[in-house]
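Coordinate inspection notes
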Amino acid sequence: MWNRTSHALRPGFTLLELMVALGLLSLIVTLLYSGFAQVSGNAGRVTKELEARQALRVLLKLVADDLQAAQYLPEWAKQDHPSGLISTRRFEGAKPFAWVRMHVGTTAKFHRNVAAGADPGLHEVSYRVERDLERDTLVLRRREDFYLDEDMEDGGITVDLADGMETFTIEFLLPSTAGTVDERWEEEWDANEQVDGPRLPPAMRIAISRTAPDGSQYAEQMQFNLLQSGVGQ
C-alpha cells in the first residue's frame, strides 16, 4: 500500500543546492579550460621558438659550409681576376654587416637543372644584407653564379634566406697569431692582398641574429677552421 508520508520525506535537492552545484561545476570547467589553454599556448610558443632557432642554425651552417669551401685560384688570379675570399663591411643605415664574395669548391645549391656530372664543383658565391623596401626589412641574400667571371659581385641567382636581420658578422683569424694566447681577429679579409702569408685565414667565426615577425629575437654563432687554408700559397 502506498504510503503518502514516507514518499513526502524522501531526500532530494533543493533549487538552491542545484544552483550552487552548477556554479561550482562551471567554476571547475572554467579553471580546467584556462589551464589547458595556458599549457597549449606555452607549448605553441616553445614549438615556434624551437623552429626559429633550428632555422637559424640551418642558415648558419649554410654560410659556414660555403666559407669552409672557399678556394684561392692562383692561375685565375694571374689573369688579374680577383679570387679566393673577399669580405668587407657594408652599412645598411647605421648597421654594419659582412659582405663576402668568394670562390667555393662545392656543387651548386640553387642551379637545380644541371645534368648529372655536369657541375664543375667550383662557383662564385656571395652573401650580403640589403633592405627590402617593399617589406621594410633587412634581408640576408645569397648569390650564386654557376660560372666564374671577372666580376665576383654580380650575376647568377640571388635567393632571400632570412629577413629581420639584426647581425651578420664574419671575423677572420690572422695566421700569424693562430694558436697563441693573443689571437687577433679582423672583420675584413682580401685573399688577393695576402701576399706574405696564406691567402685564406686559418679560422673564422660567424654571428647571426634576427628578429622574428612576433618580435622575438634569436641569435647563433659558430667558430670553425678553414678546410682549404693552404690553397694558393
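Residues numbered from 1 in each chain as written. Predicted model: local features only at pLDDT ≥ 70, side-chain atom pairs only at ≥ 80, totals over all residues. Heavy atoms only, no water.

Observations regarding the side chain of Ser83
Cut-off, in case you're wondering: Per the convention used, a helix needs a DSSP run of H or I reaching at least four residues, while a strand needs a run of E reaching at least two, with both numbered from the N terminus. Three exposure classes are used, based on accessible area relative to the maximum for each residue type with a 1.4 Å probe and protein chains only: buried under 20%, partly exposed in between, and exposed over 50%. Contacts are residue-level and defined by heavy atoms, with any inter-residue pair within 4.5 Å sufficient.
Within the secondary structure, Ser83 is located in the loop between helix 3 (74–77) and strand 1 (85–92). Judged by relative accessible area, Ser83 falls into the buried class, the value being 0%. Apart from residues lying up to four places away in sequence, Ser83 is in contact with Gln71, Tyr72, Leu73, Trp76, Ala77, His103, Met152, Ala191 and Asn192.

Brief notes about the sheet that holds strand 5 (residues 157–162)
Which entries qualify depends on this criterion: Strands qualify as paired when DSSP identifies two bridges or more between them.
The strand order across the open sheet built from six strands is 5-4-3-2-1-8, with neighbouring strands paired in antiparallel fashion. Because the sheet does not close on itself, it has two edges, and the strands there are strand 5 and strand 8 (189–190). The sheet contact formed by strand 4 (residues 137–145) and strand 5 spans five bridges and is antiparallel. Looking across to strand 5, one finds that Arg141 is bridged to Asp160.

Here's the deal with the packing of aromatic side chains
The condition is simple: Put simply, two rings from Phe, Tyr or Trp (the six-membered ring, in Trp's case) pair if the centres are within 6.5 Å, and we call them stacked under 30 degrees between planes, edge-to-face over 60, tilted for the rest.
Summed over all chains, the structure comprises three aromatic pairs. An angle of 50° between the planes, with centres 6.4 Å apart, marks the rings of Tyr127 and Phe168 as tilted. In this pair, Tyr127 sits in strand 3 (residues 123–132) while Phe168 sits in strand 6 (residues 165–173), placing the two residues 41 residues apart along the sequence. Of the two residues, Tyr127 and Phe168, neither departs from the other in class, the shared state being buried. Here the aromatic rings of Phe172 and Trp189 are separated by 6.1 Å at their centres, their planes lie at 35°, and the arrangement is tilted. Here the residue Phe172 occupies a position in strand 6, and Trp189 occupies one in strand 8, the gap between them amounting to 17 residues.

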